[in-house]
Protein chains: 2
Amino acid sequence: MTTGHDVPRTEISSLGEFGLIERLTSGLPVYNESTLRAVGDDAAVLGFGEQRILLSVDLLVEGVHFDLTYTPLRHLGYKAIAVNVSDIAAMNGKATQIVVGLAVSNRFSVEALEELYAGIRLACERYKVDLVGGDTTSSTSGLVLSVTVIGQAAEADITYRSGARAGDLLCVSGDLGAAYMGLLLLEREKAEFKANPNMQPDLEGYDYVLQRQLKPEPRTDIVEALRHSGITPTSMIDISDGLASETLHLCKASSVGCRIYENKLPLDHTMISLCQDFKLVPAVAALNGGEDYELLFTIKQEDYQKILAIKDVSIIGHMTAESGQAHLITNDEQLIPITAQGWDALKMR
Amino acid sequence: MTTGHDVPRTEISSLGEFGLIERLTSGLPVYNESTLRAVGDDAAVLGFGEQRILLSVDLLVEGVHFDLTYTPLRHLGYKAIAVNVSDIAAMNGKATQIVVGLAVSNRFSVEALEELYAGIRLACERYKVDLVGGDTTSSTSGLVLSVTVIGQAAEADITYRSGARAGDLLCVSGDLGAAYMGLLLLEREKAEFKANPNMQPDLEGYDYVLQRQLKPEPRTDIVEALRHSGITPTSMIDISDGLASETLHLCKASSVGCRIYENKLPLDHTMISLCQDFKLVPAVAALNGGEDYELLFTIKQEDYQKILAIKDVSIIGHMTAESGQAHLITNDEQLIPITAQGWDALKMR
């Protein structure tokens, strides 16, 4: 009864996440006038009357995106909402509603799911997002969370990946690479705990990098500060897969190049000292470590003075006319091509 | 490192899907004016300006909702869209956009996913829905599909579960129980194939019930016919978990009771003859078999003449003032309480 297809077999890993999405969604027709922008940005843009609605979905899969041996369910629920709010922030919009799809095995108790929902509720309260629906079902193994978010923005405010121009300044909020170092730290403690279950985890002094990994906060404050300052970024994306990968997305979508200066990368001191422990170059961790959920955006040069007044934003480089050419200028003034070695959710860990 | 919670453990199965959802989502606050109706109907209702937006999500989990030994991936993709379009139809709206979340293990090839997307595209074309985004990730086991649908409706047209009144006529589109008999048939052939792999499946003559199970069609035609006839149902729901379960949802949400007549239940002749094979009472299969994706709705008595003119709709009973009391009047005029024995996605099969 099963199908014995006589078709070639291409491994998903050979395409990667973005290649696969391109292959599956190329040439999609549009039937509805309300569909203004479909696949290819942080969120789709829909137009109903005068309003612009932003729409995005994220899946979180146990064993791929999180490890429950060190991720409290409450944090997981919070993070599931936070990363979706971040997708809407990356479009320069405000998240308003979410629906949650949940597949759970019978390993989980009702109390465990209440913990998960406590985190979801907390994030909803923090970001003033309404949980308006969902679907709950069993799974044959583990936990899968699917969060779809709806957001709002005025048409003139919406920021796509494709609007960067040569000469624009490249800016990033917060600091980079700390969420990745938090993950490495948790993985190291897990390995040591497995080797010696009587061991006590040594996480003291690492609150910041752990919080960056376990409880990221979307930068809705930056979206508000930009609006307050009268800056509309020319392009924007949130950093989920690493600075390198996201920079290349902006360059590709905008048909520009860019130069990033190593000495301009915003790095936290705990993150730097952890990099020394792990024998990593901090700039490499900042470029390739994912899950910072900071905003990466470009602005016109004329907004330079305005951006200086916004706290917690760094200018890390500028866009060039060399389409697709992204380079890092190192501290010793070498020019190194930036390639996407960021975290790909389709590469099995 | 793991948490040794000292909390009581309540099994999810002890609450069931609806009990669990109620427990997790009770007392949810609303922060946004645009949130008009949240958890508790086939879709949430959002208001942006004059427009009403409908929003719903459905998860399909391998091993729970589908079995790939007899479900072609193309059919699965089609069905994933169809069941979501049905949720919007159940609100008396028109589905306009979807986003698809996909978690796949490396068991699947790119070609397999192209088959899945071919089905998704086909359903999108058939129902004029735009695929506008998604998230694709790996999974540690099997395939999980999460489909979120956006729909539109004028405020006056939106039909909730809660609007039924005593005396209203209870109507259903199409026929009932065939999707369930299709599933039983496929399960039987699978068991026989396992026992004897050289066996050829004996599915001839069963096209109708198989199509009902593998390729359900949402009743957008009924939504259009109702509008054309000037009928706005007083309440409506789609039949995913079985007539009994959905009837009880309408009764509970509307604080009414109902009587359904066994001899009015619309049954297909192949379905009846399969019931004889499986030694099942057809009315029981119609009441408890799920996945028909027909529309169950109530109308005012004054719309009686109008409804007669709509093809493929049956009046199967009427609502009563006895809140929560749903009864079946059997062919031999017995009065049997209707209980929800429908398919519960949280009971592991």
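Just so it is clear, the structure is predicted and the values come from calculations on it, not from any experiment.

Describing helix 8 (residues 269-277) of chain B
Residues and elements named next belong to chain B.
- Among the residues of helix 8, those classed as buried are Thr270, Met271, Leu274 and Cys275. Buried positions in helix 8, seen along its axis, are confined to an arc of 140° and lie on one side of it. Every exposed residue of helix 8 that faces more than 90 degrees away from the buried side is listed here: His269 and Gln276.
- In this structure, the buried side of helix 8 is in contact with helix 4 (178-195), helix 5 (207-214) and helix 9 (282-288).
- Near the N-terminus of helix 8, the side chain that reaches the backbone nitrogen of threonine 270, with its oxygen 2.9 Å away, is that of aspartate 268.

Remarks on unusual backbone geometry
All names here are of chain A.
- Positive phi, close to 70°, is recorded for aspartate 312, a residue that is not glycine.
- Turning to its location among the elements, aspartate 312 is positioned in the loop between helix 10 (304-308) and strand 11 (313-320).
- Not every positive phi belongs to a glycine, and glutamate 333 is a case in point at roughly 65°.
- By relative accessible area, which is 71% here, glutamate 333 ends up exposed.

Describing the interface of chain B and chain A
- Listed as interface residues are 92 residues of chain B and, on the opposing side, 92 residues of chain A.
- Counting the surface lost from both chain B and chain A, the interface buries some 7,700 Å², and carbon and sulfur atoms represent 64% of this.
- Joining chain B to chain A, the criterion identifies four salt bridges.
- Residue Arg23(B) pairs with Glu114(A) through a salt bridge whose shortest N-O separation is 2.7 Å.
- Joining chain B to chain A, the criterion identifies 36 residue pairs in polar contact (both at pLDDT 80 or more).
- Of all the elements in the fold, those that place two or more residues in the side of chain B that touches chain A are helix 1 (16-25), strand 2 (44-48), strand 3 (51-61), strand 4 (94-104), helix 3 (110-127), strand 5 (130-138), strand 6 (144-153) and helix 4 of chain B.
- For the side of chain B that touches chain A, a count of residues per class yields 45 nonpolar, 30 polar and 17 charged.

With respect to the domain arrangement of chain A
Residues and elements named next belong to chain A.
- Here the domain parsing of chain A yields domain 1 (12-157) and domain 2 (161-337).
- The straight-line distance from the C-alpha centre of domain 1 to that of domain 2 is 22 Å.
- Contacts between the two partners involve 26 residues from domain 1 and, on the opposite side, 27 residues from domain 2.
- Carbon and sulfur atoms supply 51% of the area that domain 1 and domain 2 bury against each other, a total of about 2,300 Å² over both sides.
- Together, Tyr70, Lys79 and Asn92 form the three largest contributors to the area buried by domain 1 at its contact with domain 2, with a combined 26%.
- The tally of links between domain 1 and domain 2 comes to six salt bridges.
- At the junction of domain 1 and domain 2, the tally comes to 11 residue pairs in polar contact (both at pLDDT 80 or more).
- The set of elements that each furnish at least two residues to the side of domain 1 that touches domain 2 consists of helix 1 (16-25), helix 2 (73-89) and helix 3 (110-127).
- With nine residues, helix 2 is the largest single contributor of residues to the side of domain 1 that touches domain 2.

Brief notes about the sheet that holds strand 11 (residues 313-320) of chain B
Residues and elements named next belong to chain B.
- Ordered by their spatial adjacency, seven strands build an open sheet running 8-10-7-11-9-12-13, and the pairing between neighbours is mixed. Looking at the sheet topology across the chains shown, the edges are occupied by strand 8 (235-238) and strand 13 (335-337). Taking the axes of each pair of neighbouring strands and ignoring which way they run, one obtains an average angle of 25° across the sheet.
- With four bridges joining them, strand 8 and strand 10 (residues 295-299) adopt antiparallel strand pairing. By the bridge assignment for strand 10, methionine 236 is matched with phenylalanine 297.
- Packed onto the sheet, helix 6 (residues 220-229) meets strand 7 (169-173), strand 10 and strand 11 and runs at close to 20° relative to strand 10.

Looking at the sheet that holds strand 1 (residues 35-37) of chain A
All names here are of chain A.
- Taken in spatial order, the six strands line up as 1-2-3-6-4-5 in an open sheet, and their pairing is mixed. In this open sheet, the two strands that pair with only one neighbour each are strand 1 and strand 5 (130-138). Strand-to-strand twist across the sheet, computed as the mean angle between neighbouring axes with direction ignored, equals 25°.
- Relative to the sheet, helix 2 contacts strand 3 (51-61), strand 4 (94-104) and strand 6 (144-153), its axis offset from that of strand 3 by approximately 145°.
- Helix 3 rests against strand 4, strand 5 and strand 6 of the sheet, and its axis sits at about 170° to strand 4.

Cut-offs and rules
Residues numbered from 1 in each chain as written. Chains lettered and ligands numbered in written order. Predicted model: local features only at pLDDT ≥ 70, side-chain atom pairs only at ≥ 80, totals over all residues. Heavy atoms only, no water. Buried < 20%, exposed > 50% of the residue type's maximum accessible area, 1.4 Å probe, protein only. Helix = DSSP H or I, 4+ residues; strand = E, 2+ residues; numbered from the N terminus. Arc of directions from axis to C-beta. Contact = heavy atoms within 4.5 Å. Polar contact = N/O pair within 3.5 Å; in protein donor to acceptor, adjacent residues only side chain to side chain. Buried area = accessible area lost by both parts, 1.4 Å probe. Salt bridge = Lys/Arg side-chain N within 4 Å of Asp/Glu carboxyl O. Nonpolar A, V, L, I, M, F, W, Y, C, P; charged D, E, K, R; others polar. Domains from an automatic or database assignment. Pairing = 2+ DSSP bridges. Axes fitted to C-alpha atoms, helices over the stretch in contact; angles between N-to-C directions.

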